[in-house]
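So you can see what is in the structure, the chains are spelled out below.
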Amino acid sequence: MLFNSFTFLFLFLPITAIGYFLLARRSHVRAAGWLALASLTFYGWWSYFYIPLLAGSIVFNYWMGQRIGQAAGPARKRWLTAAVVIDLGLLAYYKYADFFISGVNWLAAADIPALHVVLPIGISFFTFTQIAYLVDTYQGKVKEARFLHYVLFITYFPHLIAGPVLHHAEMMPQFDKPASYRFSYQNLAVGLSIFAIGLAKKVLIADNLAPHANFLFDKSDMLSFASAWGGVLAYAFQLYFDFSGYSDMAIGISLLFGIRLPLNFDSPYKAANIIDFWRRWHMTLSRFLRDYLYVPLGGNRKGPVRRYVNLMLTMLLGGLWHGAGLNFVVWGALHGVYLAINHGWNAVADTLRLPRGRVWGVFSMALTFMAVCVAWVFFRATSFDKATTILHGMAGMDGIGLPASIGLQLGPLKGLLEQWGVSFYLGGGSRFMETWQWVVIGGCIAFFLPNTQQIMGRYETALGTMAGPRLAARWQLWQPSRRWSLYIGAILIGSLLSLSRPAEFLYFQF
C-alpha cells in the first residue's frame, strides 16, 4: 500500500487511527496489538505471500535475542553469530542470488540459469533493524523485551517498507509510554501538516521530475552537455524530493500515533562536504553502517591506511545494500573514494591551517553536489555502458547542443554561440525547457528554502531534530494559525488532485 494512494489516505489510515485510540481507552495492549495487526495488513496489501516470511523473521530473531540475552561467556557470541549469518543468508538469497549466479557464469563461462527470485518489499529494512537489535542485545543495551512490542517495533507501518532503520532502544520505551496512547490535537495538527508537506514533495515535485529523468536514462540518445546535465539533475532532485517526501510522510503519520521516528533526511544537498552529506542523507542507514560495520571493522582506531580501507569496505557494502549490480558497487566505491579524499583533505587543511570562509563554503557545497550527481549516474543507469555514455555527455565530449527552437529566440547571440562551438538541433525544445524548468524549481527549493523539520522547529516532531540557529526564519515557522491552515490546505488539495495515478517511492526497490 502506498502512502500516496486513496486507499491509504481515506480508508486504511483513518480506520487504523480511530481503532487505535478507541482501543487505547480500554487497554494499551489491545491498542498495540491493533497497530501491529494493521501494520501486517499494510505489508500484506502489496503481497500477502510474504507475510509468513516477515512473521518468521520476527519470531526467529526474537527467539535468538532471548537466547543471546540468557547466554553467558562465549555462548553469547555464538548465538549472535548464528543469528546474523542466517539473517544475512536470507537477505543474500532474495537479493543477491541472481547477481551471484551471473558472476559465476561470467568468471567460469558457465550457463547456470537465473533463479528470478522476487525481492520481498522492505526485507533490507526489517533485516537490518533486527540485526541491530541482536547486536544491541549482545552488548546488553536491550532493556525491554515484550513480544508484542517487539512485533510492533519491526512491523510498525510508517517505517516498515522504506525506513528509517530503527534502534530498539529509541522505539520500545515509546510503545510503553502512556502518552503514546492518548489522542492529541497537537500531534494531529502537526503530524497532518508534515504529512501534507511530504505528500506535496512527492506528488507535485518528484513525480513531475520523473519523466525527464527517465527520458535521459531510458530513452534518449541525445547526450549533449546541457541535455545530459538536465536529465541527471532531474534525477538528482527527483530522488531528493521522493525520499524527503517519504521521510516527512513517515514522521507525520507516526506522530498521529504519538510515536516519534528518528530524523532520516536533513537537506543533504546543502552539505559542505561528502562527510556532511552522509550525516544528512539516509541518516539512519549511515548510522547503522557506522555502528555495525565501520566501527567493528576498526574504524579509525588502527591507523590512517586501515581507516581508508574500512571506509571503502563500508561504502562498497552500502552500495550493494541498495541493489545487486555492478552499478551499485561503482556508486558505493565512488563514495568511498570521496570520503577518503575528504578525510585526507581535512588533515592537510588542518595542518596548513587553511582559511575556510563563506566563499570557500559555497564552493565546497557546489563541488560536493557535483560529485554526488556524478555518482547518481551509476546509481540510476540501467547498465555500466549507459552510465559512461551519460558521463561523456556531462563532460561535453558529445558537444554542446541546444534545440533549434531556443536558438531562434537568441537573436545575434546564436551566431556567437555557434562560433564557440555550440550546435543547434531540430526537435526536443519543449522537453528541454520543461526539464530545466523543473530542475530550477527543485534546485531553488532544495538549496534556498528551509526543510520540513526547520519549518516545524517549534515542535519536537522527530528524534534527533535539529534546533537553535538552524531554525527557519520566524515567518517560515509553522504555527496553528489561519495563515498556515490555508497554506497546508492548498498544497494538500493540489496533491490530492494530482493523485490520479500514484507512483511508487524510489526507495521501495531497495
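Structural notes, computed from the coordinates. Everything numeric here is computed off the predicted structure, so don't read it as measured data. (Residues numbered from 1 in each chain as written. Predicted model: local features only at pLDDT ≥ 70, side-chain atom pairs only at ≥ 80, totals over all residues. Heavy atoms only, no water.)

Okay, the overall build of the chain next. Regarding its fold elements, the chain presents 21 helices and 2 strands. For 510 residues, the compact-globule estimate of 2.2 N^0.38 gives 24 Å, and the chain sits close to it at 24 Å. Each of the three principal axes of the chain carries a C-alpha extent, and together these read 75 × 65 × 55 Å. Per-residue burial for the chain yields a buried fraction of 52% across its 510 residues. Pairs at least 24 apart in sequence give 72% of the contacts found in the chain among residues at least 6 apart. (Helix = DSSP H or I, 4+ residues; strand = E, 2+ residues; numbered from the N terminus. Rg over C-alpha atoms; globule rule 2.2 N^0.38 Å. Buried < 20%, exposed > 50% of the residue type's maximum accessible area, 1.4 Å probe, protein only. Contact = heavy atoms within 4.5 Å.)

Time to look at the packing of helix H10 (residues 225-256) against helix H15 (residues 358-380). Running from N to C, H10 and H15 point in directions that differ by 90 degrees, and their axes come no closer than 10 Å. What the angle tells us is that H10 and H15 run roughly perpendicular. Judged by residue contacts, Trp 229, Val 232, Leu 233, Tyr 235, Ala 236, Phe 237 and Leu 239 of H10 engage Phe 369, Met 370, Cys 373, Trp 376, Val 377, Phe 379 and Arg 380 from H15. Tallied by class, the residues present in the contact of H10 with H15 amount to 13 nonpolar, no polar and 1 charged. (Axes fitted to C-alpha atoms, helices over the stretch in contact; angles between N-to-C directions. Parallel < 35°, antiparallel > 145°, perpendicular 65-115°, else oblique. Nonpolar A, V, L, I, M, F, W, Y, C, P; charged D, E, K, R; others polar.)

Here we take up the pattern of salt bridges. Pairing between side chains of opposite charge can happen when the charged atoms of each approach one another. Per the stated rule, a full pass over the model turns up 8 salt bridges. Where Asp 242 meets Lys 202, a salt bridge forms, and the shortest distance between an N and an O atom there is 2.6 Å. Remark: Lys 202 occurs in helix H9 (residues 185-219) and Asp 242 occurs in helix H10; sequence separation between them is 40 residues. By relative accessible area, Lys 202 is classed as buried at 1%. Among the ionic pairs, Arg 290 bridges to Asp 291, the shortest N-O distance being 2.8 Å. Relative accessible area serves as the criterion here: at 27%, Asp 291 is assigned to the partly exposed category. Connected via shared salt-bridge partners are Lys 202, Asp 207 and Asp 242. (Salt bridge = Lys/Arg side-chain N within 4 Å of Asp/Glu carboxyl O.)

Inspection of the secondary structure puts Gly 33 in helix H2 (residues 28-46). With 119 residues separating them in the primary sequence, Gly 33 and Leu 152 have C-alpha atoms 7.7 Å apart.

As a further point, take the nonpolar core. Among the nonpolar cores identified, the biggest contains 144 residues, and Phe 3, Phe 8, Phe 157, Phe 257 and Trp 376 are the most heavily contacted of them. The biggest single contributor to this core is H10, with 19 residues. If we skip the residues at most four places from it in the chain, Phe 157 touches Phe 3, Phe 8, Phe 12, Leu 13, Thr 16, Leu 35, Ser 39, Phe 42, Ile 253 and Phe 257. In this structure, Leu 402, Ile 406, Leu 417 and Phe 432 belong to the second largest nonpolar core, which totals 8 residues. (Core = buried A, V, L, I, M, F, W, Y, C linked by side-chain atoms within 4.5 Å.)

This part is about the environment of Gln 174. Examined against the element boundaries, Gln 174 turns out to sit in helix H8 (residues 168-176). Residue classification places Gln 174 among the buried positions, given a relative accessible area of 8%. For the pair formed by Gln 174 and Gln 437, sequence separation is 263 residues and the distance between their alpha carbons is 44 Å. Sequence-distant contacts of Gln 174, that is, excluding residues within four places in its chain, are made with Ser 180, Gly 258, Ile 259, Arg 260 and Leu 463. Within the structure, Gln 174 has its side chain in polar contact with the backbone nitrogen of Arg 260 (distance 2.8 Å). (Polar contact = N/O pair within 3.5 Å; in protein donor to acceptor, adjacent residues only side chain to side chain.)

You can see Arg 380 is positioned in helix H15. You can call Arg 380 buried: its relative accessible area is 15%. When the C-alpha positions of Arg 380 and Ala 236 are compared, they lie 9.5 Å apart, and in sequence the two are 144 residues distant. The residues touching Arg 380, leaving out its near neighbours within four places in the chain, are Asn 214, Phe 217, Asp 218 and Tyr 235. At 2.9 Å, the side chain of Arg 380 and the side chain of Asp 218 are in polar contact.

At a minimum axis separation of 9 Å, H10 and helix H19 (residues 429-448) run at an interaxial angle of 45 degrees. With respect to each other, H10 and H19 are oriented oblique. With respect to the hand of their crossing, H10 and H19 are arranged in left-handed fashion. Where H10 approaches H19, its residues Ala 226, Ser 227, Trp 229, Gly 230, Gly 231, Leu 233, Ala 234, Phe 237, Tyr 240 and Phe 241 are matched on the opposing element by Phe 432, Thr 435, Trp 436, Val 439, Gly 442, Gly 443, Ile 445, Ala 446 and Phe 447. Partitioning the contact of H10 with H19 into residue classes produces 13 nonpolar, 6 polar and no charged. (Left-handed = near helix turned anticlockwise from the far one by under 90°.)

Compared with an ideal rise of 1.5 Å per residue, which puts 32 residues at 46 Å, H10 spans 46 Å between its outermost C-alpha atoms and is within 8% of the ideal. Within H10, 31 of the 32 residues are buried, which leaves the element mostly enclosed by the surrounding structure. Remark: Gly 258 follows H10 within two positions and exhibits a positive phi of approximately 75 degrees. (Expected span 1.5 Å × (residues − 1).)

So, on to a nonpolar patch on the surface. There is a patch of nonpolar side chains on the surface, built from Trp 345, Val 348, Leu 352, Leu 354, Trp 360, Phe 363 and Leu 367 and spanning about 660 Å² of accessible area. For the nonpolar patch, the secondary-structure elements that each account for two or more residues are helix H14 (326-352) and H15. Here Phe 363 shows up in helix H15. (Patch = residues over 30% accessible without salt bridge, like charges linked within 9 Å, V, L, I, M, F, W, Y side chains within 5 Å. Areas by Shrake-Rupley, 256 points an atom, 1.4 Å probe, with all protein chains shown as cover.)

Another point: the side chain of Thr 284. Topologically, Thr 284 is positioned in helix H12 (residues 283-297). According to the relative accessible area criterion, Thr 284 is buried, its value standing at 3%. Here Asn 264 takes part through its side chain, which lies 2.7 Å from a polar atom of the side chain of Thr 284. For Thr 284, the residues in contact, after removing those within four places along its chain, are Pro 164, Val 165, Pro 262, Leu 263 and Asn 264.

Within the secondary structure layout, Ser 244 lies in helix H10. On the accessibility criterion, Ser 244 (3% relative accessible area) is buried. Those residues within four positions of Ser 244 in sequence are excluded, and the remaining contacts are Lys 201 and Phe 265.

Attention now moves to the packing of aromatic side chains. Any aromatic ring pair is given by two values, namely how distant the centres are and how the planes are angled relative to each other. Summed over all chains, the structure comprises 61 aromatic pairs. Both rings, one in Trp 46 and one in Tyr 50, keep their centres 5.7 Å apart while their planes meet at 20 degrees; by these two values the pair is stacked. Its relative accessible area of 34% is what places Trp 46 among the partly exposed residues. The exposure class of Tyr 50 is buried, given its relative accessible area of 10%. (Phe/Tyr/Trp six-rings, centres within 6.5 Å; stacked < 30°, edge-to-face > 60°.)

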